[in-house]
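Inside the fold
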Amino acid sequence: MKLWHTRDDLQALQSLRKDGPLVLVPTMGALHEGHLDLVRLGSELGQVVVTVFVNPTQFGPNEDFSSYPRTLESDLELLSKLPVSGVFAPATKEIYGSDLEVTVQPGNRGMGLCGGDRPGHFAGVLTVVAKLFGLTQPDVAIFGRKDAQQCLVIGQMVEDLKMPIQLVDAPTRRETDGLAMSSRNRYLSADQRRQALCLSRALSAGKQSMENGCRSRAEVQQTILDILQDADQVEYAEVRQVPDLGKNEILAGKILLAVAARVGPARLIDNFVLQINDKQVTDSYLLGTGRKS
Ligand code: PAF
């Protein structure tokens, strides 16, 4: 596994391409099993390159950019045990110059949900992802489904800007009690971690009501919201259509149940992606080539 820090180092990618499709797994480090799943999935598709970069432009002024865990050494240790061809861990100056005049702005899919709570967040994500795509020119890029809106927003960028990249969304890895793995879970005390289970419980209740036949967006949303009240602060509990995040009142087709809430010092998100086929409700994926499980 090679380690690259500069844009010039990425010349090395040319020779990798000869051995198969180049698969990019962009991360901000602080890796957990969920990230490692992205790598495992990527290694089935080609030569995996992981990026580790805590992107300043996707954090708001009062968010956790400065405290976000930076654990490159242990990240490299974890990645070295997997089939990873290389890791690109650039300093900020390699990615951003002194100005940031040209940025990528999200379309409709970036409005509301996390886009509403975190103004400028998706412009920061899209801008850095576009830069990483430009620098590494991957054939495939893999993102975690836990960041569902991010997947959809990036999907729209790739579609609209005609980027020749296949996107894959990988399933959310959960702890045995249902908590979605997240780098931010490490901010939680033992009590807060227990409290944080209300996110996955709320989503399960929403799914259950759909399995019981409920097709009213408002009712499923209320079921989710009732349980999410156990968090310190609810940011949103939403039921939306996929991929456009539309708000059809009668649920049909592919549906995203999405929640965001604060527990102690952490802002946590989670979601379920579900497909309604007549009376059946099954787990699904977001992007054309995603993996269900
Ligand atoms: O999902 C993340 O970790 C980040 O938003 C990403 C895609 C690496 C961009 O900084």
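We now turn to the structure provided with this report. Each chain carries its own residue numbering, running from 1 in the direction its sequence is written. Local features in a predicted model are, by the rule used here, given only for residues with pLDDT of at least 70; side-chain atom pairs are given and counted only at 80 or more, and totals for whole chains, interfaces and linings are based on all residues. The side-chain values count all of the structure's non-hydrogen atoms but skip hydrogen atoms and water molecules.

Quick look at the pattern of salt bridges
We define a salt bridge as a contact between a side-chain nitrogen of Lys or Arg and a carboxyl oxygen of Asp or Glu at a distance within 4 Å. Under the criterion given, the structure shown has 20 salt bridges. Here Asp64 and Arg184 are joined by a salt bridge, their closest N and O atoms 2.8 Å apart. One end of the pair, Asp64, is in the loop between β3 (47-52) and α3 (72-80); the other, Arg184, is in the loop between β6 (166-170) and α8 (190-195), with 120 residues separating them in the sequence. Comparing Asp64 with Arg184, the two get one shared label, buried. Arg267 is the salt-bridge partner of Glu235, the closest N and O atoms lying 2.7 Å from each other. Here Glu235, found in strand β7 (residues 233-241), pairs with Arg267, found in strand β9 (residues 266-277); they are 32 residues apart in sequence, far enough to count as distant. Across the pair, exposure class does not vary: Glu235 and Arg267 are buried alike. The network of salt bridges with common partners includes Glu33, Asp37, Arg40 and Arg173. Helix numbering and strand numbering both begin at the N terminus, where a helix is a DSSP run of H or I of at least 4 residues and a strand a DSSP run of E of at least 2. Buried residues are those whose accessible area, probed at 1.4 Å on protein chains only, stays under 20% of the maximum for their type, while exposed residues exceed 50% and partly exposed ones sit between those limits.

Observations regarding the side chain of His32
If you trace the backbone, His32 turns up in the loop between β2 (22-27) and α2 (33-45). The class for His32 is buried, based on a relative accessible area of 19%. It only takes one pair of heavy atoms within 4.5 Å for two residues to be counted as in contact. Excluding residues within four positions of it along the chain, His32 makes contact with Met181, Ser182 and Ser183.

Some remarks on the site of the ligand
Whether a residue is near a molecule or strand depends on its heavy atoms: if one lies within 4 Å, it is near. Every residue lining the ligand is accounted for by Pro26, Thr27, Met28, Asn55, Gln58, Val128, Phe143, Asp147 and Gln150. Here an oxygen atom of the ligand and a side-chain polar atom of Gln58 are 2.6 Å apart. When the ligand sits alone it has 290 Å² of accessible area, and the protein chains cover 90% of it. Amino acids are sorted into nonpolar (Ala, Val, Leu, Ile, Met, Phe, Trp, Tyr, Cys and Pro), charged (Asp, Glu, Lys and Arg) and polar (every other residue, Gly among them). Per-class residue counts for the shell around the ligand are four nonpolar, four polar and one charged. Contacts described as polar in this section are N or O atom pairs within 3.5 Å, which, within protein, must combine one atom able to donate a hydrogen with one able to accept it, while residues neighboring in sequence count only if both atoms come from side chains. Using a 1.4 Å probe, the Shrake-Rupley method yields the accessible areas, and only the shown protein chains count as cover for residues.

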